[in-house]
Amino acid sequence: MPGGVARKVEDLRLVNLTKQFGGTKAVDDLSITSPAGSFFALLGASGCGKTTTLRMVAGLEDPTHGQIFIGDQDVTELRAFQRPVNTVFQSYALFPHLDIFENVAFGLRRRGVKDVDDQVIAILELVELSALARRKPSQLSGGQQQRVAVARALINQPDVLLLDEPLGALDLKLRRQMQIELKRIQSEVGTTFVHVTHDQEEAMTMADTVAVMNAGRIEQMGHPAEVYELPRTIFVANFLGQSNLIQGMKVSTGDVVEVSANGLGFRIPSKRNVAPGQSIVIGVRPEKIMVLDAHDESKLPAGHNRIYGTVTDVSYTGVSTQYLVETPWGQSIIAFEQNSIVGDRCELGDPVVLGWAPEHTFGLDPAEGLNAGLDHAVLELESDTEA
Amino acid sequence: MRWIRQHLIGAIAIVVLLYLFLPIAVVIAFSFNNPESKFNLSWNEFSLDAWTQICGVPGVCSAFVTSVEIGLISTLFATILGTMIAFALVRYRFKGRSSTNLLIFMPMATPEIVMGSSLLALFLNLSFPLGPVTVMIAHIMFIISFVVVAVKARLQGMDPRLEEAARDLYASPSATFRYVTFPLVLPGILGAALLGFSLSFDDFIISFFNAGTLVTFPIYIWGAAQRGIPPQVNALASLVFIAALVIVLSAQFVAWRKRKSLSVR
Ligand SMILES: Nc1ncnc2c1ncn2[C@@H]1O[C@H](COP(=O)(O)OP(=O)(O)OP(=O)(O)O)[C@@H](O)[C@H]1O
Ligand SMILES: [Mg+2]
């Protein structure tokens, strides 16, 4: 950090935070703890309340209920300019009448810092913009403006840095580049980052903790791998990556839950199951599924869950092959197979058996409906392929 | 055909420019005339008399100064009031806001002759003595409309994120206004003030009704037109034109310098 002063980093705690706009609850009873110095990603579909949450933390919106703590301090009642929080706005919001240097120096000057030059120069170096210090924002590219916005916030050494989809306007290549840069800056300065995005890959690669938000509530929160490997709701299973979901009924419980679905039996370790009643949805990620010719079923390890079907689509994508397999009950199961397997790939119309380990299976509460979170996931895929 | 297409726009531009500037050129040219008769209408001989003795004709300079003074004072008051009204209209929700919004347009929409005569009726009814004060009151009234409209447009066009960003960066409400809001609205205010001054300076109808014995520059010219306009009026008018030109050119020059200094970096 410019100045090189060691300083304490504070965690961010939101307690029962609620924001009501007229009849709609934009944020509904949100409780989050983002540990000091961590990179926290808030992931969710459009309109789920991410921006509203950040605005409440920044002090630009008053919560209807709830509290915001930074470290031990309750900042709920503090005005925006009194909070040790800075924001990188989605639209950057750089001051058009000030040059880059003055934009970056703005926060320091408002706090009465006398000699800002060294700090501004240092932070501009960090974001590699020293050469452009005297330009106006309108004369910079999108990526450069984005870095100015980050520098302008970071120079104040806030306890918490809020980033509201700062990379949304960038093309894919620049976005990847900025992700790496942001992550580097974060580990360098050690500030608590709260990063809002609806790019799930971005959230997964950058964050220590991701929180998946839906309609003003947190659906699930945890380490990216943990949330991906063991989704706890159908929304998360569908929204974060892709999932195959099959509806069934519990047959027996114990350490392993046995499920009967469409005349087949499936096994799930009971700690991977959250369905409370008899009715259950079992899920598996596409890359966990092995695709074998029906004659080779014996090659499947014993105890694997299995489904029989017919290949209706094969697409070779280089690193993997994607299969669509239709089951006798008319459901399409999607499976990704790495192209490291020696031998023939299955072909269109082949009868196949799909197998996966019970440890890769998860059990979900069917109450939400099988399509929860699906529209968004489809949109996400589409926008990714476009980019 | 191709030739026509390529040169048509240029040709039209030249015609339009001529159309715009020929009258001004004539005014300037005739400021160097030494008219034969009282009427400065036909070219006689070159002379610098009108420029060397620019106040040589009784009343012309005092009328000019009066108009400049009235213009400056009216513009100052109207700009301050109009800016405040614009902020109130955009930033606050109060009773009567939408009707205020509408009423603000009235002076712009009302024919000057109606406004001038009704103001006169008002002043006479109140037995308010006509003079510089009544003229300024009238001018402030119609300049305010232009200021409010210009500043309002500027404020509404401003990204609300900018003020939020300022608050987020430790700027108190007053600092936010001083360092972000005001500088961003300033070009609108200045533009409105410039327009307001020129409207006031050149207003004849409303001033004429409410001036009493006061003689503004337009009123002087109107009076002189009966007897013959002296070339001094042309000289003063040329001065005004040159002043306007200097303002525009220096604004352009500043912008150009900025661009150039940036491209060098
Ligand atoms: N000032 C406001 N007045 C009324 N409703 C609002 C206001 N701001 C947001 N909302 C509503 O609150 C909900 C959450 O909005 P928010 O901006 O937090 O969504 P978001 O998660 O940031 O979405 P996006 O990904 O599109 O930016 C939306 O339904 C929105 O319509
Ligand atoms: Mg948003």
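Note on numbering: residues in each chain are counted from 1, in written sequence order. Written order decides the labels, with chains lettered from A and ligands numbered from 1. Side-chain atom pairs in this predicted model are given and counted only at pLDDT of 80 or more, local residue features only at pLDDT of at least 70, and totals for whole chains, interfaces and linings cover all residues. The side-chain numbers reported here are obtained from all heavy atoms of the structure, hydrogens and water having been left aside.

Here the focus is the overall build of chain A. A count of helices and strands for chain A gives nine helices and 20 strands. Dimensions of chain A, computed from C-alpha atoms along their principal axes, come out at roughly 80 × 45 × 40 Å. Counting every position in chain A, which comprises 387 residues, the buried fraction comes to 53%. Sequence-distant contacts in chain A: of pairs separated by 6 or more residues, those separated by 24 or more amount to 67%. For the area figures, the Shrake-Rupley method with a 1.4 Å probe applies, and any residue is considered shielded solely by the protein chains shown. Within the structure as shown, chain A displays about 16,600 Å² of accessible surface, and the carbon and sulfur contribution to it stands at 50%. Where the 34 positive side-chain charges of chain A centre and where its 49 negative ones centre are 7 Å apart. Helix and strand assignments come from DSSP, with helices taken as H or I runs of at least 4 residues and strands as E runs of at least 2, each series counted from the N terminus. Only protein chains enter the area calculation, which uses a 1.4 Å probe; residues under 20% of their type maximum are buried, those over 50% are exposed, and those in between are partly exposed. Contact between two residues is taken to exist if any of their heavy atoms lie within 4.5 Å; hydrogens are not considered. In this tally Asp and Glu are treated as negative and Lys and Arg as positive; neither His nor the chain ends contributes. A single reference atom marks each charge: NZ on Lys, CZ on Arg, CG on Asp, CD on Glu.

A few words on the sheet that holds strand 8 (residues 192-197) of chain A. Residues and elements named next belong to chain A. An order of 6-7-8-3-9-10 is seen for the six strands of this open sheet, with the pairing classed as mixed. Every other strand in the sheet has two partners, leaving strand 6 (85-88) and strand 10 (217-222) as the edge strands with one partner each. Put simply, the sheet's adjacent strands are angled 20 degrees from each other on average, direction ignored. One bridge is not enough; two strands pair if DSSP finds at least two bridges between them. Where strand 9 (residues 209-214) and strand 10 come together, five bridges link them in antiparallel fashion. Between N-to-C directions, angles cover 0 to 180 degrees, with each direction set by a line fitted to C-alpha atoms, over the stretch in contact for helices.

As a further point, take the UniProt feature "transmembrane region" (unreviewed entry) in chain B. Residue and element names in this part refer to chain B. UniProt positions are given in the numbering used here, feature names are shortened, and annotations may be inferred rather than shown by experiment. Here, the residues flagged by UniProt with the feature "transmembrane region" (unreviewed entry) are residues 7-32, 70-90, 102-124, 136-155, 176-198, 204-223 and 235-256. In residues 7-32, helix accounts for 92% and strand for 0%; the two terminal C-alpha atoms are 35 Å from one another. Span residues 136-155 is 100% helix and 0% strand, its end C-alpha atoms 27 Å apart.

The next subject is the nonpolar core. Leu12, Leu14, Phe95, Phe106 and Leu162 of chain A are the most contacted members of the largest nonpolar core, which has 61 residues in total. No other element matches the nine residues that helix 7 (residues 132-156) of chain B contributes to this core. With residues up to four places along the chain from it excluded, the contact list for Leu162 of chain A reads Leu54, Val57, Ala58, Val85, Asn86, Thr87, Val88 and Val194 of chain A. If you look at the next biggest cluster of nonpolar residues, it comprises 57 residues, including Leu170, Ala207, Ala237 and Val281 of chain A. Residues belong to one nonpolar core when they are buried, are Ala, Val, Leu, Ile, Met, Phe, Trp, Tyr or Cys, and are joined through side-chain atoms within 4.5 Å.

Turning to the interface of chain B and chain A, a few remarks are in order. Contact residues are listed per partner, giving 21 residues for chain B and 29 residues for chain A. Taken over both partners, the interface formed by chain B and chain A buries close to 2,300 Å², and the fraction arising from carbon and sulfur atoms is 63%. By salt bridge we mean one thing: a side-chain nitrogen of Lys or Arg within 4 Å of a carboxyl oxygen of Asp or Glu. Linking chain B to chain A there are one salt bridge. Residue Arg55 of chain A pairs with Glu164 of chain B through a salt bridge whose shortest N-O separation is 2.7 Å. Two parts lose some accessible area (1.4 Å probe) when they are put together, and adding that loss for both gives the buried area.

Bringing the UniProt feature "domain: ABC transmembrane type-1" (unreviewed entry) in chain B into the picture now. Residues annotated in UniProt with the feature "domain: ABC transmembrane type-1" (unreviewed entry) correspond here to residues 64-251 of chain B. Note that residues 64-251 of chain B is 82% helix and 0% strand, and that its end C-alpha atoms are spaced 25 Å apart.

Let's shift gears to the domain arrangement of chain A. Residues and elements named next belong to chain A. By convention here, the domain bounds are inherited from an automatic or database domain assignment. Looking at chain A, the domain boundaries give domain 1 (2-228) and domain 2 (244-386). Between domain 1 and domain 2, the C-alpha centre-to-centre distance is 38 Å. Taken together, the contacts link eight residues of domain 1 with seven residues of domain 2. Of the roughly 610 Å² buried where domain 1 meets domain 2, counting both sides, 37% is carbon and sulfur surface.

This next bit is on helix 2 (residues 100-110) of chain A. Residues and elements named next belong to chain A. Counting buried positions over the 11 residues of helix 2 gives nine, a clear majority of the element. Taken together, the buried positions of helix 2 are occupied by Ile100, Phe101, Asn103, Val104, Ala105, Phe106, Gly107, Leu108 and Arg110. Between N or O atoms, a polar contact is any pair within 3.5 Å; within protein, one atom must be a potential hydrogen donor and the other a potential acceptor, and residues adjacent in sequence are included only when both atoms are from side chains. A distance of 3.2 Å separates the backbone nitrogen of Phe101 from a side-chain oxygen at the start of helix 2, and that oxygen is part of Asp99. Gly112 lies just past helix 2 and shows a positive phi near 80 degrees.

Turning our eyes to something else, we now look at the pairing of strand 7 (residues 160-164) of chain A. All names here are of chain A. Within strand 7, five of the five residues are buried, leaving the element largely enclosed by the surrounding structure. Alternating residues of strand 7 divide into Val160, Leu162 and Asp164 and Leu161 and Leu163, and every residue in both groups is buried. When strand 6 meets strand 7, the two strands line up parallel, connected through four bridges. Each bridged residue has a counterpart across the sheet, and for Val85 the counterpart in strand 7 is Val160. Relative to strand 8, strand 7 runs parallel, the two being bridged by five bridges. Across the sheet, Val160 pairs through a bridge with Thr192, a residue of strand 8.

Turning to a nonpolar patch on the surface, a few remarks are in order. Residue and element names in this part refer to chain B. The patches reported here contain residues having more than 30% relative accessible area and no salt bridge. Joining distances are 9 Å for like charges and 5 Å for nonpolar side chains (Val, Leu, Ile, Met, Phe, Trp, Tyr). A cluster of nonpolar residues, Trp3, Ile4, Leu8, Ile12, Val16, Leu17, Tyr19, Leu20 and Phe21, forms a patch on the protein surface that exposes about 970 Å² of accessible area. By the secondary structure assignment, Val16 is in helix 1 (residues 2-30). Accessibility expressed as a relative area gives 41% for Val16, which makes it partly exposed.

Residue and element names in this part refer to chain A. Spatially, 15-19-16-17-18 is the arrangement adopted by the five strands of the open sheet, whose pairing is antiparallel. Of all strands in the sheet, those bounded by a partner on one side alone are strand 15 (290-293) and strand 18 (332-338). For this sheet, the mean inter-axis angle between neighbouring strands, taken without regard to orientation, is 45 degrees. For strand 16 (residues 305-316) and strand 19 (residues 351-356), the ladder comprises six bridges, and the chain directions are antiparallel. By the bridge assignment for strand 19, Tyr308 is matched with Val353.

Topologically, Thr209 of chain A is positioned in strand 9. With near-sequence residues (within four places) excluded, Thr209 of chain A lies in contact with Phe39, Phe40, Ala41, Met221, Gly222 and Pro224 of chain A.

This part covers the domain arrangement of chain B. Residue and element names in this part refer to chain B. By the assigned domains, chain B splits into domain 1 (1-57 + 231-265) and domain 2 (59-229). Put simply, the middle of domain 1 and the middle of domain 2, counted by C-alpha atoms, are 27 Å apart. In this complex, domain 1 contributes 13 residues to the contact, which on the side of domain 2 involves 14 residues. Each partner contributes to the roughly 1,100 Å² buried at the junction of domain 1 and domain 2, and carbon and sulfur atoms together form 77% of this total. The largest per-residue losses of area from domain 1 upon contact with domain 2 belong to Val57, Val233 and Leu236, which jointly make up 46% of the total buried on that side.

A few words on the confidence of the model for chain B. Scored by pLDDT, chain B has a mean of 89; 98% of the residues are at 70 or more. Taken together, the chains of this predicted complex give a pTM of 0.80 and an interface ipTM of 0.78. A score between 0 and 100, pLDDT records how confident the predictor is in each residue.

Here we come to the pattern of salt bridges. One pass over the structure, following the stated rule, counts 17 salt bridges over all chains. Between Lys25 of chain A and Asp28 of chain A there is a salt bridge whose closest N-O contact spans 4.0 Å. Looking at Lys25 of chain A, the relative accessible area reads 43%, which means it is partly exposed. Between Glu258 of chain A and Arg267 of chain A there is a salt bridge, with the nearest N and O atoms lying 3.6 Å from each other. The class of Glu258 of chain A is partly exposed, set by a relative accessible area of 34%. Among the ionic contacts, a cluster of salt bridges with common partners joins Arg55 and Glu61 of chain A together with Arg161 and Glu164 of chain B.

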